[in-house]
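# A look at the structure
One letter stands for each residue in the lines below.
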Amino acid sequence: MSERHKMLAGEPYHANDPELVAEQGLTAAWLARYNAALGQPVSVWRTLLAERLGALGEGSIVRPPFHCDYGWNIRLGSRVFVNFSCVFLDVAQVGIGDDTRIGPNVQIYTAEHPLDPGLRRSGQESGRPVTIGSNVWIGGGAIILPGVSIGDDAVVGAGSVVTHDVPAGARVAGNPAHLQGS
């Protein structure tokens, strides 16, 4: 099994594999073009996004600058809005549902590194998908950790670090994020 297949299966893999390094190079070149399009019309942004993202729903937009590992592991539903300076580490799938709003400087991590120092030294890593439902609001500067699912209609407060799943309709805030009163 190739390192790319291991990565996509959520198994430990080596990120310095030549195929993965080449893919990251292609993404870096695409990101340079995308981020340079900041002053261009939204239609140009959408054309560029469609070149690399795994799915781009109708009316969805990502405001540059934007950063990711691969792009093709990111799936945006319809009318998703991602504000400036977001980072999606997409070694596993990042799925975002319809009508979700993501504030500036939000970071979504799917990449994990071993806690065991020997395994970490070996260069192995893995990833777990992040799933964000529909009509979710994620405030600026929030960090979503690997494997987290955020249910429909949830709200994540600005600056929060989300370490566990967020139920549908819930409001969470803090570091680590915890449920807020209604």
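## A look at the overall build of the chain
- Of regular secondary structure, the chain possesses four helices and 20 strands.
- For the chain, whose C-alpha radius of gyration is 16 Å, the value lies close to the compact-globule estimate of 16 Å for 182 residues.
- Principal-axis analysis of the C-alpha atoms places the extent of the chain at approximately 45 × 40 × 20 Å.
- Every one of the 182 residues in the chain was classed for burial, and the buried ones make up 44%.
- Partitioning the intrachain contacts of the chain with sequence separation of at least 6 by distance along the chain shows that 27% fall at a separation of at least 24.
- By element, 55% of the accessible surface of the chain is carried by carbon and sulfur atoms, the whole surface being about 8,500 Å².
- Counting 13 positive and 17 negative side-chain charges, the chain places the centres of these two groups 5 Å from one another.

## Description of the packing of aromatic side chains
- Going through the model one piece at a time under the given rule, you end up with three aromatic pairs.
- With 5.5 Å between their ring centres and 20° between their planes, Trp-30 and Tyr-34 make a pair best called stacked. You can see Trp-30 and its partner Tyr-34 sitting in helix α2 (residues 18-36), four residues apart, about one turn around the helix. The two residues Trp-30 and Tyr-34 agree in class, both being buried.

## Digging into the environment of Met-7
- Considering the arrangement of structural elements, one finds Met-7 in helix α1 (residues 3-8).
- Sequence spacing of Met-7 and His-113 is 106 residues, and the spatial spacing of their C-alpha atoms is 12 Å.

## Some remarks on the environment of Asp-165
- Tracing the backbone through its elements, the reader meets Asp-165 in the loop between β18 (161-162) and β19 (171-174).
- With 14 residues separating them in the primary sequence, Asp-165 and Gly-151 have C-alpha atoms 8.0 Å apart.
- In this structure, Asp-165 is in contact with Gly-147, Val-148 and Ser-149, ignoring residues within four places of it in sequence.
- A polar side-chain atom of Asp-165 sits 2.8 Å from the main-chain amide nitrogen of Ser-149.

## Section: the sheet that holds strand β7 (residues 86-89)
- Strand order in the open sheet formed by five strands is β4-β7-β10-β15-β18, and the pairing between neighbours is parallel. The open sheet has two free edges, formed respectively by β4 (66-68) and β18, since each of these has just one partner strand.

## A few points about α2
- With 19 residues, α2 should cover 27 Å at 1.5 Å per step; its first-to-last C-alpha distance of 27 Å lies within 8% of that length.
- Buried-residue contacts for α2 involve α1, β1 (13-14), α3 (42-52), β3 (61-62) and β4.
- Its side-chain oxygen 3.1 Å from the backbone nitrogen of Glu-19, Asp-17 forms the N-cap of α2.

## Focus: the packing of α2 against α3
- It is at 10 Å that the axes of α2 and α3 come closest, and there the two elements cross at 175°. Here α3 runs roughly antiparallel to α2, going by the angle between their axes. On the side of α2, the interface is formed by Glu-23, Leu-26, Thr-27, Trp-30, Arg-33 and Tyr-34, while α3 contributes Trp-45, Leu-48, Leu-49, Glu-51 and Arg-52.
- Tallied by class, the residues present in the contact of α2 with α3 amount to six nonpolar, one polar and four charged.

## Description of the environment of Ser-60
- Mapped onto the elements, Ser-60 comes out in the loop between β2 (55-56) and β3.
- On the accessibility criterion, Ser-60 (0% relative accessible area) is buried.
- Between the C-alpha atom of Ser-60 and that of Leu-76, which follows or precedes it by 16 residues, the distance is 7.1 Å.
- Those residues within four positions of Ser-60 in sequence are excluded, and the remaining contacts are Arg-46, Leu-76, Gly-77, Ser-78, Arg-79 and Val-80.
- Of the polar contacts made by the side chain of Ser-60, one reaches the backbone nitrogen of Arg-79; its length is 3.2 Å.

Definitions and cut-offs
Residues numbered from 1 in each chain as written. Predicted model: local features only at pLDDT ≥ 70, side-chain atom pairs only at ≥ 80, totals over all residues. Heavy atoms only, no water. Helix = DSSP H or I, 4+ residues; strand = E, 2+ residues; numbered from the N terminus. Rg over C-alpha atoms; globule rule 2.2 N^0.38 Å. Buried < 20%, exposed > 50% of the residue type's maximum accessible area, 1.4 Å probe, protein only. Contact = heavy atoms within 4.5 Å. Areas by Shrake-Rupley, 256 points an atom, 1.4 Å probe, with all protein chains shown as cover. Lys, Arg positive; Asp, Glu negative; His and termini not counted. Charge placed at Lys NZ, Arg CZ, Asp CG, Glu CD. Phe/Tyr/Trp six-rings, centres within 6.5 Å; stacked < 30°, edge-to-face > 60°. Polar contact = N/O pair within 3.5 Å; in protein donor to acceptor, adjacent residues only side chain to side chain. Pairing = 2+ DSSP bridges. Expected span 1.5 Å × (residues − 1). Axes fitted to C-alpha atoms, helices over the stretch in contact; angles between N-to-C directions. Parallel < 35°, antiparallel > 145°, perpendicular 65-115°, else oblique. Nonpolar A, V, L, I, M, F, W, Y, C, P; charged D, E, K, R; others polar.

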